[in-house]
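Listed here are the chains, written in short residue letters.
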Amino acid sequence: MKFDPLNRWSEGAEKPLIIAGPCSAETEDQLLETSKAIKELDISIIRAGIWKPRTRPNNFEGIGLEGLKWIQNVKKELNISFAVEVATPQHVEQVLKHDIDILWIGARSTVNPFTVQDIADALKGVDIPVLIKNPINPDLELWLGAIERIYNAGITKIGAIHRGFSSHQKSKYRNMPAWQLPIELKRRLPNLSMICDPSHIAGDSNMIYDLCQKALDMDYDGLMIETHRDPANAWSDAKQQVNPSQLHEILQKLKVRKSVSHDETFNSRLEDIRHQIDQADREILECLANRMSLVKKIGECKKEENVAVFQVDRWNDIFKSRAEWGESFNLDPKYVTELYKIIHNESIRKQTDLMNKPTVHTA
Ligand code: PEP
Ligand code: MN
């Protein structure tokens, strides 16, 4: 069976699909009051963590089973849906028993194929929407593998949640967005619903709006935003949660983009510019091929003279001058530097190959 396409489970739903709610269910009152305020914003899917995967023990590890009963009560009172994280087959069994509408698999579970398979096995025979967060580490195959396991269990409504990736590098984000990974996932599974979780990417409530807008600019299907009636006193993830009125402000300000347009003038303009981009790309590749033939020539020279391929002074010169040239063409020097790292790597590889190839002597 061909894995792609998956059903786009939010298809037909108004875009973007918004899921909001507290990081954790804390008390029945907190859950009810927060959900009520969110429902007033016309949002009908609430998230709430019941079991919290914490990095260190002795932090609040979730309210557990009792919270599922609160959810049942709030559902009855407000007529809304709930999404809950599951990390074990027992969690799956409990959420199914308590009428939870959507499950999600957390980043710390997606990294472990055994865990994902256990969850998938527990889901056999039920068709409930399942959202799969990216793994903690920037490993696309693990994310894809988890999606495949859930799909193979017979789940048809699958979405991916982009919540960012841990990194040892210092960054303004709690978890680096690495947008190229979800973009590649979408390229591989074009019909997959993509949801952005700006809260866990940012780790800071002040950055939520910008991340949401970026996700909409990238044509994501939905947003999952941690929302708490009193973020400062939340039992988990206090810094990154917004209150319902901040959520309202964010949603009001967001500009929703269309996936495609049916305006003919626009489409023909787009086609014309794309044609020019195609042309520019051919020219770039022609230039690169020309550069590569010069690299070959210089490699042969170095080989004849038995001179090392890598020369640090020349490399530093290239880095410096290309970034400056780029800047004079209004190109971001950081972008030009990254580009040249790739170009230079390939140049070193080509020359090293050439240096170590036995010389063929022709008579
Ligand atoms: C959460 O959604 O509260 C959570 C624990 O998320 P993640 O798995 O992305 O860390
Ligand atoms: Mn959280």
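Above this text sits the structure in question.
Residues numbered from 1 in each chain as written. Chains lettered and ligands numbered in written order. Predicted model: local features only at pLDDT ≥ 70, side-chain atom pairs only at ≥ 80, totals over all residues. Heavy atoms only, no water.

## Thoughts on the pairing of strand β5 (residues 102-105)
Rule in force here: Only protein chains enter the area calculation, which uses a 1.4 Å probe; residues under 20% of their type maximum are buried, those over 50% are exposed, and those in between are partly exposed. Secondary structure elements follow DSSP: runs of H or I no shorter than four residues count as helices, runs of E no shorter than two count as strands, and numbering proceeds from the N terminus. A pair of strands is considered paired only if DSSP assigns at least 2 bridges between the two. Crossover handedness is defined by viewing with both strands directed away from the observer: a clockwise path from the first strand over the helix to the second marks the crossover as right-handed.
Every second residue of β5 is oriented toward a common face, with Ile102 and Trp104 on one face and Leu103 and Ile105 on the other, all of them buried. In this sheet, β5 lies alongside strand β4 (residues 81-86) in parallel orientation, the contact comprising four bridges. Following the sheet pairing, Val84 is matched in β5 by Leu103. In the classification by handedness, the crossover that spans β4, the intervening helix α3 (residues 89-97) and the parallel β5 is right-handed. Strand direction decides the pairing type here: β5 and strand β6 (residues 130-133), joined by three bridges, are parallel. From the neighbouring strand, Ile105 faces β6, where its bridge partner is Ile132.

## Some details on the pattern of salt bridges
Heads up, the rule is: Here, a salt bridge means any side-chain nitrogen of Lys or Arg that lies within 4 Å of a carboxyl oxygen of Asp or Glu.
The final tally for this structure, using the stated rule, is 16 salt bridges. The shortest N-O distance in the salt bridge between Glu226 and Arg47 comes to 3.2 Å. Of the two residues, Glu226 sits in strand β9 (residues 222-226) while Arg47 sits in strand β3 (residues 45-47), which places them 179 residues apart along the sequence. The same class applies to Glu226 and to Arg47, which are both buried. Note that Asp217 and Arg257 form a salt bridge whose closest N and O atoms lie 2.7 Å from each other. Pair noted here: Asp217 is in helix α9 (residues 208-217) and Arg257 is in the loop between α10 (244-253) and α11 (264-305), with a separation of 40 residues, a long-range link. Overall, Asp217 belongs to the partly exposed group, its relative accessible area being 42%. Because the salt bridges share partners, they merge into one network encompassing Glu141, Glu184, Arg187 and Arg188.

## Section: unusual backbone geometry
Residues other than glycine seldom take positive phi values, yet Asp42 does so here, at roughly 75°. Note on placement: Asp42 falls in the loop between α1 (28-39) and β3. Residue Asp99 is not a glycine yet carries a positive backbone phi of 60°. As for its placement among the helices and strands, Asp99 is situated in the loop between α3 and β5.

## Things to note about the nonpolar core
Convention followed: Nonpolar cores were defined as sets of buried Ala, Val, Leu, Ile, Met, Phe, Trp, Tyr and Cys residues, with membership established by side-chain atoms within 4.5 Å. When checking whether two residues touch, look at their non-hydrogen atoms; a contact exists if any pair is within 4.5 Å.
Among the nonpolar cores identified, the biggest contains 68 residues, and Ile150 and Leu185 are the most heavily contacted of them. Per-element tally for this core: the top contributor is helix α6 (residues 140-152), with seven residues. Once residues within four sequence positions are removed from consideration, Leu185 is found in contact with Leu140, Trp143, Leu144, Ile147, Ala160, Leu192 and Met194. Within the second largest apolar cluster, ten residues are counted, among which are Leu17, Ile45, Ala83 and Met224.

## Some points on the site of ligand 1
Applicable threshold: A cutoff of 4 Å decides nearness: a residue is near a molecule or strand if any of its heavy atoms lies inside that distance of it. The definition of a polar contact used here is a pair of N or O atoms within 3.5 Å, where within protein one atom must be able to donate a hydrogen and the other to accept one, and adjacent residues in sequence count solely through side-chain atom pairs. Shrake-Rupley sampling with a 1.4 Å probe provides the accessible areas, and residues are treated as covered by the protein chains on show and by no other component. Lys, Arg, Asp and Glu make up the charged group, whereas Ala, Val, Leu, Ile, Met, Phe, Trp, Tyr, Cys and Pro make up the nonpolar group; the residues left over, Gly among them, are polar.
The environment of ligand 1 is formed by Cys23, Arg47, Lys52, Glu85, Trp104, Gly106, Ala107, Arg108, Lys133, Arg163, His200 and Glu226. Contacts to ligand 1 include Lys52, whose side-chain N or O atom sits 2.8 Å from an oxygen atom. A distance of 2.8 Å separates an oxygen atom of ligand 1 from a polar side-chain atom of Lys133. Contact with the protein chains removes 98% of the 300 Å² of surface that ligand 1 exposes when unbound. In the shell around ligand 1, the residues fall into three nonpolar, two polar and seven charged.

## Concerning the coordination of the manganese ion (ligand 2)
For clarity, the cut-off: Coordination shells were defined by N, O and S atoms within 2.8 Å of each metal, extended to 3.2 Å for Na, K and Ca; water is absent from the atom set, which can make sites look incomplete.
Ligation of the manganese ion (ligand 2) by protein atoms is provided by Cys23 (SG), His200 (NE2), Glu226 (OE) and Asp237 (OD), these donors lying 2.1 to 2.4 Å from the ion. Along the chain, the residues donating to the manganese ion (ligand 2) fall in the pattern C-x176-H-x25-E-x10-D. One end of the pair, His200, is in helix α8 (residues 198-202); the other, Asp237, is in the loop between β9 and α10, and 37 residues separate them in sequence. Residue His200 is classed as buried on the basis of its relative accessible area of 8%.

## Here's the deal with the side chain of Asp197
Topologically, Asp197 is positioned in the loop between β8 (193-196) and α8. A distance of 2.8 Å separates the side chain of Asp197 from the side chain of Lys133, its partner in a polar contact. Within the structure, the side chain of Asp197 is placed 2.7 Å from the side chain of His200, a separation counted as a polar contact. If sequence neighbours within four positions are ignored, Asp197 has contacts with Lys133, Ile161, His162, Arg163 and Met224.

## Topic: the packing of aromatic side chains
The cut-off we apply is this: Two aromatic rings, drawn from Phe, Tyr or Trp (for Trp, its six-membered ring), form a pair once their centres lie within 6.5 Å of each other, and the interplanar angle then sorts them: stacked below 30 degrees, edge-to-face above 60, tilted otherwise. Ring-over charges, as used throughout, are those where CZ of Arg or NZ of Lys falls within 6 Å of the ring centre and within 35 degrees of the ring normal.
By the definition in use, this model includes four aromatic pairs. Relative to Phe319, the ring of Trp315 lies with its centre 4.2 Å away and its plane at 35°, an arrangement referred to as tilted. Here Phe319 and Trp315 lie together in helix α12 (residues 312-328), a separation of four residues that amounts to about one turn. You'll find Trp315 and Phe319 in the same group, each marked buried. The ring of Tyr209 is capped by Lys253, whose NZ or CZ atom sits 4.1 Å from the centre of that ring.

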